[in-house]
Structures are given as C-alpha cells and as structure tokens.
Amino acid sequence: DQMESAFRRIGQEFGTLDILVHAIAHAKREELAGSYSDTSRDGFAMAQNISVYSLVEAARLAAPLMTNGGSIQTLTYLGAERVVQNYNVMGVAKAALEASVRYLANDLGPKNIRVNALSAGPVKTLAARGISDFDVVLQAVAAKAPLRRNVNQSDVADVALFLASDLSRAVTGETLHVDNGYNIMGL
C-alpha cells in the first residue's frame, strides 16, 4: 500500500518518472551467520520479499510513469555469484535479484526502460555492519583487487549516474561490477 501510494503521489506531483533506484535489502541477522542450510523458512521468505520482490513491484508501479523511457537500477553484490562467508540467505536473494533484472529488462525494454544492477564491492555502510568479520573482507578485497583498494560510495554513485544518463542508452539487463576488478580474480 505504501509503494502504491508513493507512486500515485509521484504521478500526481510530477506526472512522469525518469529514474528509479532500488536500494533496499534485508535479512534477519541470525540468517547471516553459520550454515546457509540452517536458514529458516521465514528468514528465507523475508529476504526474498524485501530484497527481491520489492524491485519487481517498484518496477511495475514505475513503468506507467516512465512515458519517455527511463532507467531502473538496483544494488547487488558478488555474493550472488560466489559463496561469500556469512552472506548466506542474502547471496541467494541477490542471485534472484540479478535474475529479476534480466527478466524486467526484457519486459520493459519495448517501453525504452532500461533495468540494470550495480554489483559494488564491499562498502562501509550501516547494512555492512550486520555482516560478521566485515573488516576482514575489506582487507582481503583491497589486497586482491587489481586496483588494490576498496570502493567507496562515490565510486558506486558515479556508475549509477552513468546508468541514469543517456550515455548508457544501450545498456540493459546487466550487472555492472564496481569493485576495482575484484570479481575477475581467481583464488
């Protein structure tokens, strides 16, 4: 109801929408430690609903307002592609999110609406504090990434601006890694 109300208000006040940034994800803290196989049904459903379905619903509500085309973006993480210790149910949710990006890109492409994901490297945020041993992750990424550093909010924001602009007019259904190259590295 809150999302429908928000998009209705956007339509009333602005008429159209050009850019939508989906930046919400959540899992129960206890689901982010131990074994993934210990994930509860409720914890799994919560992570999927908040972290994935919210994008589907937001895209559905935004599309009618994007009469001139537009850009929908979401945030993901390497844990969607690889096992990341203590990421557990969020890794599975991010994998579903990335698949949703591809399906939404196909659905909304005929309306000139692009849908993409940014896969940022680890960034010190409030959400990251919930991940056990996060400082160890930061150190490991900085040591192994080709650019030998971690990313920050500005690095991610710059790529988001690119995706929001016409400079990315031919980019849709993609997951762009913003991680100083960490994702290309092997063991």
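Above this note sits the structure.
These numbers were taken from a predicted model, which means no experiment stands behind them.

S.K.: How would you explain the sheet that holds strand β2 (residues 70-76) if you had to name every residue and give the values?
M.R.: Ordered in space as β1-β2-β3-β4, the 4 strands form an open sheet in which the pairing is parallel. Two strands in the sheet have a free side with no partner beyond their single neighbour: β1 (19-22) and β4 (175-178). Neighbour to neighbour, the strand axes of the sheet diverge by 20 degrees on average, direction disregarded. Pairing analysis gives 4 bridges linking β1 to β2, with the strands arranged parallel. Looking at β2, one finds that Ile-19 is bridged to Ser-71. Most of the contacts of helix α5 (residues 153-164) go to strand β3 (residues 113-120), to which it runs at about 165 degrees, and overall it touches β1, β2, β3 and β4.

S.K.: Summarise the packing of aromatic side chains; cite the residues concerned and give the values.
M.R.: Scanning the entire structure with this criterion turns up 1 aromatic pair. Consider the rings of Tyr-77 and Tyr-87, whose centres lie 5.0 Å apart with planes at 65 degrees: the pair is edge-to-face. With a gap of 10 residues between them, Tyr-77 in the loop between β2 and α3 (88-108) and Tyr-87 in the loop between β2 and α3 connect regions that are remote in the sequence. Assigned by exposure class, Tyr-77 and Tyr-87 land together as buried.

S.K.: Got a sec to walk through the packing of helix α2 (residues 41-62) against α3? Specific residues and values, please.
M.R.: Packing of α2 against α3 leaves a shortest axis separation of 9 Å and a crossing angle of 20 degrees. Classified by the interaxial angle, the pair formed by α2 and α3 is roughly parallel. Where α2 crosses over α3, the handedness of that crossing is right-handed. Residues Gly-43, Phe-44, Ala-47, Gln-48, Ser-51, Val-52, Leu-55, Val-56 and Ala-59 of α2 lie in contact with α3, whose contacting residues are Val-89, Met-90, Val-92, Ala-93, Ala-96, Leu-97, Ser-100, Val-101, Leu-104 and Leu-108. Of the residues contributing to the contact of α2 with α3, the split by class is 15 nonpolar, 4 polar and no charged.

S.K.: Which residues make up the pairing of β3, and what values do they have?
M.R.: With 8 of 8 residues buried, β3 is to be regarded as a mostly interior element. Here β3 shows no split at all, with Ile-113, Val-115, Ala-117 and Ser-119 on one side and Arg-114, Asn-116, Leu-118 and Ala-120 on the other all buried. With 7 bridges joining them, β2 and β3 adopt parallel strand pairing. In the strand pairing of β3, Ser-71 is matched with Arg-114. As for the winding sense of the linkage, the β-α-β connection from β2 through α3 to β3 is right-handed. Strand direction decides the pairing type here: β3 and β4, joined by 4 bridges, are parallel. If you follow Ala-120 over to β4, its bridge partner there is Val-178.

The rules behind these values
- Residues numbered from 1 in each chain as written.
- Predicted model: local features only at pLDDT ≥ 70, side-chain atom pairs only at ≥ 80, totals over all residues.
- Heavy atoms only, no water.
- Pairing = 2+ DSSP bridges.
- Helix = DSSP H or I, 4+ residues; strand = E, 2+ residues; numbered from the N terminus.
- Axes fitted to C-alpha atoms, helices over the stretch in contact; angles between N-to-C directions.
- Contact = heavy atoms within 4.5 Å.
- Phe/Tyr/Trp six-rings, centres within 6.5 Å; stacked < 30°, edge-to-face > 60°.
- Buried < 20%, exposed > 50% of the residue type's maximum accessible area, 1.4 Å probe, protein only.
- Parallel < 35°, antiparallel > 145°, perpendicular 65-115°, else oblique.
- Left-handed = near helix turned anticlockwise from the far one by under 90°.
- Nonpolar A, V, L, I, M, F, W, Y, C, P; charged D, E, K, R; others polar.
- Right-handed = clockwise from strand over helix to strand, strands pointing away.

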